[in-house]
Amino acid sequence: QKEVEQNSGPLSVPEGAIASLNCTYSDRGSQSFFWYRQYSGKSPELIMFIYSNGDKEDGRFTAQLNKASQYVSLLIRDSQPSDSATYLCAVHSGGGADGLTFGKGTHLIIQP
Amino acid sequence: GAVVSQHPSWVICKSGTSVKIECRSLDFQATTMFWYRQFPKQSLMLMATSNEGSKATYEQGVEKDKFLINHASLTLSTLTVTSAHPEDSSFYICSARGGASDEQYFGPGTRLTVT
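Along every chain, residues carry numbers that run from 1 in the direction the sequence is written. The naming scheme follows written order: chains are lettered A onward, ligands numbered 1 onward. Thresholds applied to this predicted model are a pLDDT of at least 70 for local features of residues and 80 or more for the giving and counting of side-chain atom pairs; totals over whole chains, interfaces and linings are not thresholded and use all residues. To get the side-chain values, all heavy atoms of the structure are used, and hydrogens and water are removed first.

Draft legend 1. Layout of the overall build of chain A. When helices and strands are counted, chain A shows zero helices and 11 strands. Taken over C-alpha atoms, the radius of gyration is set against a globule rule of 2.2 Å times the number of residues to the power 0.38. Its C-alpha atoms give chain A a radius of gyration of 13 Å, within 12% of the compact-globule value 13 Å for 112 residues. Overall size of chain A, expressed as C-alpha extent along the three principal axes, is 45 × 30 × 20 Å. For chain A, the residues scored as buried account for 45% of the 112 residues in total. In this description, accessible areas are obtained by the Shrake-Rupley approach with a 1.4 Å probe, and a residue is regarded as covered only by the protein chains that are shown. As displayed, chain A has an accessible area near 5300 Å², and 47% of this comes from carbon and sulfur atoms. Charged-residue counts in this description rest on Lys and Arg as positive and Asp and Glu as negative, His and the chain ends being excluded. Throughout, a charge is located at the NZ atom of Lys, the CZ atom of Arg, the CG atom of Asp or the CD atom of Glu. Computed over 9 positive and 11 negative side-chain charges, the separation of the two mean positions in chain A equals 3 Å. Numbering of helices and strands starts at the N terminus; helices are DSSP runs of H or I of at least 4 residues and strands are runs of E of at least 2. Each residue gets one of three labels from its accessible area relative to the maximum for its type: buried under 20%, exposed over 50%, partly exposed in between, using a 1.4 Å probe on protein chains only.

Draft legend 2. Expanded view of empty space enclosed by the protein. Residues and elements named next belong to chain A. A cavity here means a set of 1 Å grid points, computed over protein atoms only, where a 1.4 Å probe fits but cannot escape. A pocket is an open set with protein on both sides within 12 Å along at least 5 of 7 lines, and lining residues have an atom within 4 Å of a point. Grid points are joined across faces, edges and corners, and a volume is the space filled by probe spheres set on the points. Summed over all chains, the structure comprises one cavity of 30 Å³ or more. Estimates place the volume of the largest cavity at around 40 Å³. Lining of the largest cavity is provided by Lys2, Glu3, Val4, Tyr25, Ser26, Asp27, Ser30, Val91, Ser93 and Thr101. Under this grouping Gly is polar, as are all residues other than the nonpolar Ala, Val, Leu, Ile, Met, Phe, Trp, Tyr, Cys and Pro and the charged Asp, Glu, Lys and Arg. When its residues are assigned to classes, the lining of the largest cavity shows three nonpolar, four polar and three charged.

Draft legend 3. Summary view of the interface of chain B and chain A. The contact definition used throughout considers only heavy atoms, calling two residues in contact when any of these lie within 4.5 Å. Taken residue by residue, the interface counts 21 residues in chain B and 21 residues in chain A. Accessible area that two parts lose when put together, evaluated with a 1.4 Å probe and summed over both, is termed the buried area. Counting each side, the surface lost to burial between chain B and chain A is near 1500 Å², with a carbon and sulfur contribution of 54%. Think of a salt bridge as a Lys or Arg side-chain nitrogen and an Asp or Glu carboxyl oxygen that are within 4 Å of each other. For the pair chain B and chain A, the number of links is zero salt bridges. We call two N or O atoms a polar contact when they sit within 3.5 Å, provided that within protein one can donate a hydrogen and the other can accept it, with sequence-adjacent residues counted only if both atoms are side-chain atoms. Counting the contacts that link chain B with chain A gives six residue pairs in polar contact (both at pLDDT 80 or more). At the level of elements, β4 (32-38), β5 (45-51), β9 (90-97) and β10 (105-106) of chain B are the ones that each hand at least two residues to the side of chain B that touches chain A. No other element matches the four residues that β4(B) contributes to the side of chain B that touches chain A. Of the residues contributing to the side of chain B that touches chain A, the split by class is nine nonpolar, eight polar and four charged.

Draft legend 4. A look at the sheet that holds strand β1 (residues 4-5) of chain A. Residues and elements named next belong to chain A. In space, the five strands of this open sheet follow the order β1-β3-β8-β7-β6, with antiparallel pairing throughout. The strands lining the two open edges of the sheet, one partner per strand, are β1 and β6 (54-58). Alignment of strand β3 (residues 19-25) against strand β8 (residues 71-76), held across six bridges, turns out to be antiparallel. Across the sheet, Cys23 pairs through a bridge with Val72, a residue of β8. DSSP bridges decide pairing: two strands pair if at least two such bridges lie between them.

Draft legend 5. Just the state of the cysteines, in detail. Residue and element names in this part refer to chain A. Only a pair of cysteine sulfur atoms within 2.5 Å qualifies as a disulfide here. In this structure the tally under the stated criterion is two disulfides over all chains. Paired by a disulfide, Cys23 and Cys89 hold their sulfur atoms 2.1 Å apart. Between Cys23 and Cys89 the disulfide shows an S-S torsion of about -75°. By sign, it is left-handed. Linking Cys23 in strand β3 with Cys89 in strand β9 (residues 85-92), this pair joins segments that are 66 residues apart in sequence.

Draft legend 6. Quick look at the pairing of strand β7 (residues 61-66) of chain A. All names here are of chain A. Sheet topology places β6 next to β7; five bridges connect them, and they run antiparallel. Looking at the pairing, Asp58 lines up with Phe61 of β7. A loop of two residues connects β6 with β7, the two strands running antiparallel in sequence, and Gly59 in this loop sits at a positive phi of about 65°. Pairing between β7 and β8: six bridges, direction antiparallel. Across the sheet, Gln64 pairs through a bridge with Ser73, a residue of β8. Counted between consecutive antiparallel strands, the loop separating β7 from β8 contains four residues, among which Gln70 sits at a positive phi close to 55°.

Structure below.
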């Protein structure tokens, strides 16, 4: 059973600070890792993806992957109130046409 | 790029009727489309995977005769909920993936309410 674990939160962060979101996964063979943002009542929006160990930066977002620890994180710098949403971690095991396995998401609140 | 649309965005139907939901990739060819379901305050659960021109692969516990999936072209997949019941009320979201990339792009979702 493939599992993706996230702290459900809510995680409250002051505006302008760094928000740190964490995710662990059970399938050691997982190859691709994604972070989606989901506003209430809306569908997920892809923010970042990462395939290799280390850091990947895109604007205010940095994804970090550690396959040995089966851990992936998302850092949001200079947090804005508009960043308030649920952040979903998703994992793809690779090969074939498998869908993504999602965590339950972390609810992030940026306090003005 | 990578825009996926769904229609309808919401639908209300009576118990026992069937509902069809369309998912289209607007600016790329989707070799694979996925259908997910999300209940309130829950995460997305994969229902099935469909490749253009072949039968869909359903996840364990998802009834293939109840949730009919057709992927007739590289830009269109449909999900038909047959004989819908109130417990089928949920947020149905499709996603599409093109080429060799692993990234999936989601449609805006369809909120189904069965009365």
